[in-house]
Every structure is written in C-alpha cells, then in structure tokens.
Amino acid sequence: MKKWKVLAPLSLAAVGAAALGVAALLKKQPQSAESGAKKTAPAKAAAPKNLQTGSYSFISGFKDAVTVDVSLDYDADKYSYAVIAEEFLAYTSDSHVAVLSGEDFSFQLEYAGYYHGEGFEDLIRQVSEKYPDFAPVAYGDNTGVSYTAGDNVCLCFPAGEDPYSYLLVTLLKGPGWDDAVTDPLAYKDFAAVMSSLKVSIQR
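### Notes on the overall build of the chain
Here's step 1: Summing up its helical and strand segments, the chain has three helices and 11 strands in all.
Here's step 2: Counting from the amino terminus, the chain carries its helices and strands in the arrangement α-β-β-β-β-β-β-α-β-β-β-β-α-β.
Here's step 3: When the 203 residues of the chain are sorted by exposure, 48% land in the buried category.
Here's step 4: Within the chain, residue pairs in contact and separated by at least 24 positions form 63% of the contacts whose partners lie at least 6 positions apart.
Here's step 5: Looking at the chain as shown, the accessible area adds up to about 10400 Å², and 52% of this sits on carbon and sulfur atoms.

### A closer look at the pattern of salt bridges
Here's step 1: Applying the stated rule across the entire model yields two salt bridges.
Here's step 2: Linking Lys78 and Asp189 is a salt bridge whose minimum nitrogen-to-oxygen distance equals 2.5 Å. Here the residue Lys78 occupies a position in the loop between strand 3 (66-75) and strand 4 (79-84), and Asp189 occupies one in helix 3 (residues 188-195), the gap between them amounting to 111 residues.
Here's step 3: Relative accessible area serves as the criterion here: at 41%, Lys78 is assigned to the partly exposed category.
Here's step 4: Given the relative accessible area of 14%, Asp189 is considered buried.
Here's step 5: Of the charged contacts in the structure, one is a salt bridge between Asp122 and Arg125, with a shortest N-O distance of 2.1 Å. Linking Asp122 with Arg125, this pair stays in helix 2 (residues 120-130), spanning three residues, or about one helical turn.
Here's step 6: For Arg125, a relative accessible area of 15% corresponds to the buried category.

### A look at helix 3
Here's step 1: Of all eight residues making up helix 3, six are buried, and the element is well covered by its neighbours.
Here's step 2: If you check which residues of helix 3 are buried, you get Asp189, Phe190, Ala191, Val193, Met194 and Ser195.

### Structural notes on the packing of aromatic side chains
Here's step 1: Taken as a whole and judged by the stated rule, the model has 13 aromatic pairs.
Here's step 2: One aromatic cluster in this structure is built from Tyr79, Phe105, Phe107, Tyr139, Phe157, Tyr187 and Phe190.

### Some thoughts on the pairing of strand 2 (residues 51-60)
Here's step 1: Here strand 2 pairs with strand 3 via 10 bridges, running antiparallel. Paired with Phe58 across the bridge in strand 3 is Val68.
Here's step 2: Here strand 2 hands over to strand 3 after five residues, with Gly61 in that stretch at a positive phi of 100 degrees.

### Brief notes about the pairing of strand 4
Here's step 1: Here strand 4 lies mainly inside the structure; five of its six residues are buried.
Here's step 2: Relative to strand 5 (residues 97-102), strand 4 is paired through six bridges, and the arrangement is antiparallel. Looking at strand 5, one finds that Val83 is bridged to Ala98.

### What to know about the environment of Ser57
Here's step 1: The topology assignment puts Ser57 in strand 2.
Here's step 2: Residue Ser57 is classed as buried on the basis of its relative accessible area of 12%.
Here's step 3: Expressed as a C-alpha distance, the spacing of Ser57 and Val68, which sit 11 residues apart in the sequence, is 5.5 Å.
Here's step 4: A polar atom in the side chain of Ser57 sits 2.5 Å from the side chain of Asp69.

### As for the nonpolar core
Here's step 1: Membership of the largest hydrophobic core comes to 32 residues, with the highest contact counts inside it found for Tyr56, Phe107, Leu109, Tyr139, Leu155, Phe190 and Met194.
Here's step 2: The element that contributes the greatest number of residues to this core is strand 3, accounting for five residues.
Here's step 3: If sequence neighbours within four positions are ignored, Met194 has contacts with Phe107, Tyr139, Asn142, Phe157 and Val169.
Here's step 4: Listed in part, the 14 residues of the second largest apolar core include Tyr114, Phe120, Ile124 and Val127.

Calculation notes
Here the residue numbering is sequential within each chain, running from 1 through the sequence in written order. Reporting in this predicted model follows two pLDDT cut-offs: at least 70 for local features of residues, and 80 or more for side-chain atom pairs to be given and counted; totals over whole chains, interfaces and linings ignore these cut-offs and use all residues. Note that the side-chain values use all heavy atoms of the structure and ignore hydrogens as well as water. Helical segments are the DSSP runs of H or I of at least four residues, strand segments are the runs of E of at least two, and each set is numbered from the N terminus. For every residue, the accessible area obtained with a 1.4 Å probe (protein chains only) is divided by the maximum for its type, and the residue is called buried under 20%, exposed over 50%, and partly exposed between those limits. It only takes one pair of heavy atoms within 4.5 Å for two residues to be counted as in contact. Exposure was quantified through the Shrake-Rupley algorithm and a 1.4 Å probe, taking into account, for residues, occlusion by the shown protein chains and nothing else. Salt bridges are defined by distance alone: a side-chain nitrogen of Lys or Arg within 4 Å of a carboxyl oxygen of Asp or Glu. Only rings of Phe, Tyr and Trp enter the pairing, Trp through its six-membered ring, and a pair is recorded when the two centres are within 6.5 Å. The plane angle decides the type: under 30 degrees is stacked, over 60 is edge-to-face, the rest tilted. Should DSSP find at least two bridges between two strands, the strands are taken to pair. Distance and chemistry together define a polar contact, namely a pair of N or O atoms within 3.5 Å, with one atom able to donate a hydrogen and the other to accept it when in protein, and with adjacent residues in sequence counting only for side-chain atoms on both sides. Only buried residues count toward a nonpolar core, which is a set of Ala, Val, Leu, Ile, Met, Phe, Trp, Tyr and Cys residues joined through side-chain atoms within 4.5 Å.

Okay, here's the thing in structure tokens:
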C-alpha cells in the first residue's frame, strides 16, 4: 500500500500548473462543451449511509489571486479520500492533489493553469486536436470534456468562474471494474461523485 503524505486544511500558495500543452490552435472550431455535452445521470439508488464530503483548495492567479475551494460527495464505505503531496496516481507538477480510491476505480483531482490569455474554450480546441476521442460530457451541472490518455480517462472542468485555472480529473480503472476503459464515463458511482462536485471562490 502506498504511503501518502497527507495534507490537512489547505491554504497552500500553490500557483500555476502544467496545462495540456498544444501550441497550435485548431483550424476547425470544435463543438463547445456546453452545446454538445452528453448528459450522464448520477446514480438514482438510495444515498449511501456513510456519505462524506471531501474538499480540495488551491490558490489561483497572481496579483489578483483567489482561493478556489472544491468539494465532492462520496460513499465512505466504498471509497477513501485524501489530499496528498507525494506518491501521486498520475504525473503532476502540482504541490498537492486530491485522490479518491476504491475497488472499482480511483481518480486524481488537481488544478491546472491556462496559458496566458487563454481560457476553457481554448483548452477545448487544443484537446480536440490532440486527442481523437475527445468528447464533451456533463455530470449534473458540471460540464466539461473527456479524452483517453494511455490507459486512463482524463476529464477537464472549469474551476467555477476562475479565469486562470481549470480542474483536471485523471480516472484509473480498478480491479473491480469489468468494463472497457472508456466505459467509466457512464459508470453510475463515478457519475454520482462528479455530479456532486461544487466549486466556490474566495476573493
């Protein structure tokens, strides 16, 4: 079992992160995440008896920096949640990430910075050119994009109204998942967690 260095209440001044690097913009304009997203309904089963809320915070911006707070709900009888500073599930240049782990799947939630002067629509164009299986997705009110990188499914969501950063979720299939690697996008437990994701900004 991995020994993670766990961070308690986060007010770390972690600024910037490696964005998805693509230098050239698309020659064609892809469908926006809002207009083309496939609605993925969360599980309709009864709420878990041990429903817990995990939190993750980071500093975004420079002179006008804000604190971005992210929260999500999960079944603590099936999954564990921690904010860690080492032994990451996937490569990152961030100082800290959030990790949800279970038998069926695990994922790493982290912040990533836009290139100067760009935003989420620019990210959509870049991802759509680099990854052939790019697809808009939505979980509840959370609309973003997904793509496959190696054996993992990656999803990007806006960090609320923050103009400098977005959220990157790297989803890893677990031993309890019998479906193909792309099927996690419709998996009800994952959809339920992603649908509960909320972002708030402290100025």
